[in-house]
Amino acid sequence: MVVAVKVFKKSAPNGKLTVYLGKRDFIDHVDYCEPVDGVVVIDQEYLRGRKVFGQLVTTYRYGREEDEVMGVKFSKEMTLSKEQVYPMVNTKMEMTPMQERLVKKLGANAFPFTFHFPSMSPSSVTLQAGEDDQGKPLGVEYSIKIFVGEEDEEKGHKRSTVGLMIKKLQHAPASRGRRLPSSLVSKGFTFSQGKINLEVTLDREIYYHGEKISANIVVTNNSRKTVKSIKCFVVQHCEVTMVNAQFSKHIASLETREGCPITPGASFTKSFFLVPLASSNKDRRGIALDGHLRDEDVNLASSTMISEGKSHSDAMGIIISYSLRVKLNCGTLGGELQTDVPFKLLTPAPGTIDRERVNALKKMKSIERHRYENSHYADDDDNIVFEDFARLRMNEPE
């Protein structure tokens, strides 16, 4: 059985340029990032001496579009990489296997291009808009722009420009590690002897999207107060570096009175389970998602991974982290005892057993297949499936 290779394509409005990409998601492995490799097919008679240029562009929107007044912009657009695609500057350019197959199939008018993400460039993240919000959502997004022009500084005309949205994502490492995150806190009372001790331990440090988070909670009451209820939350923390803003959102929660009241001298041990999902947080403003997608099975944003020797203060864009928060309600006068246990929420790396298991359980659906199952056509000779970027036409450059 021969499996066809899917290739995405998009043409300029006038049909004179067509761009082909082997994938839309490019993985940042922390120590290196996959390059953006593609092929463009050109109608050389249309050029009339002009050139074809390509750019890798990122747009960082850190404020609402409807709040932009008197020329104030709450977004930054930066060109991260650019090159002249035709005429080729480097005729001995080393091509990837996918580029070689496409150039061979598409003929003499097909020319390869490659863009590289800068080190420490942020991952694609979209902050979910509320029901009443208008304009583009906040977040970091990437696009490829191929256009006809005289110089690479030109913007190019819309009719001869191709814009393709892509995503830069991070996957979990091959090993989840053996460390079990935990936290132990105590609370004393001014006019009462003794303390209440709270210990929370997670069953692993790295979770995959769709997995349940298991928290083992141990409460020891050596005080004269009574614990009336227990609350558990999965908290998503976002840091918008451009404006130095931080905020947190509860993305899963439960409250229980099981084992309560925990009276003086008593103890309580119980494991609680929470499953944070994007589908459970629809239309909630400010929830961070993995990239700008309109599909129903989009994931929550993955935790930001930092390379060794770097800190979160060195990262750019929108930094995402997660924690499990436990609160004990000690009554009106006793107040609350709270602790947070950090963990990572990531996508399994391709090829791992965990990834295969998650796919088998359909906890991670294929975004491309769901949206485009009827919009592609196959070429049986070379086992290549061409699929249109029709959904992204609304994002073409002006």
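A few points on the structure. Just so we're clear, the structure is a prediction, and the values are computed from it rather than from any experiment.

We now examine the packing of aromatic side chains. Counted by the stated rule, this structure contains 6 aromatic pairs. Taking 4.8 Å as the distance between ring centres and 55° as the angle between the ring planes, the aromatic pair formed by Tyr86 and Phe111 counts as tilted. With Tyr86 in strand E6 (residues 75–86) and Phe111 in strand E7 (residues 110–115), this pair connects stretches of sequence that are 25 residues apart. For Tyr86, a relative accessible area of 17% translates into the label buried. Here Phe111 falls in the buried class, since its relative accessible area comes to 10%. Following the ring pairs from residue to residue traces out a cluster consisting of Tyr207, Tyr322 and Phe343. The cationic tip of Lys168 hangs over the ring face of Phe117; the distance from NZ or CZ to the ring centre is 6.0 Å.

The mixed open sheet is built from 5 strands, whose spatial order is E13-E20-E19-E15-E16. Of all the strands in the sheet, the pair left with one neighbour each is strand E13 (206–208) and strand E16 (245–256). In this sheet, neighbouring strand axes are inclined to one another by 35° on average, regardless of whether the strands run parallel or antiparallel. Bridging between strand E15 (residues 229–240) and E16 involves 11 bridges; their strand directions are antiparallel. Along E16, the bridge assignment pairs Val235 with His250.

The rules behind each value
- Residues numbered from 1 in each chain as written.
- Predicted model: local features only at pLDDT ≥ 70, side-chain atom pairs only at ≥ 80, totals over all residues.
- Heavy atoms only, no water.
- Phe/Tyr/Trp six-rings, centres within 6.5 Å; stacked < 30°, edge-to-face > 60°.
- Helix = DSSP H or I, 4+ residues; strand = E, 2+ residues; numbered from the N terminus.
- Buried < 20%, exposed > 50% of the residue type's maximum accessible area, 1.4 Å probe, protein only.
- Lys NZ or Arg CZ within 6 Å of the ring centre and 35° of its normal.
- Pairing = 2+ DSSP bridges.
- Axes fitted to C-alpha atoms, helices over the stretch in contact; angles between N-to-C directions.

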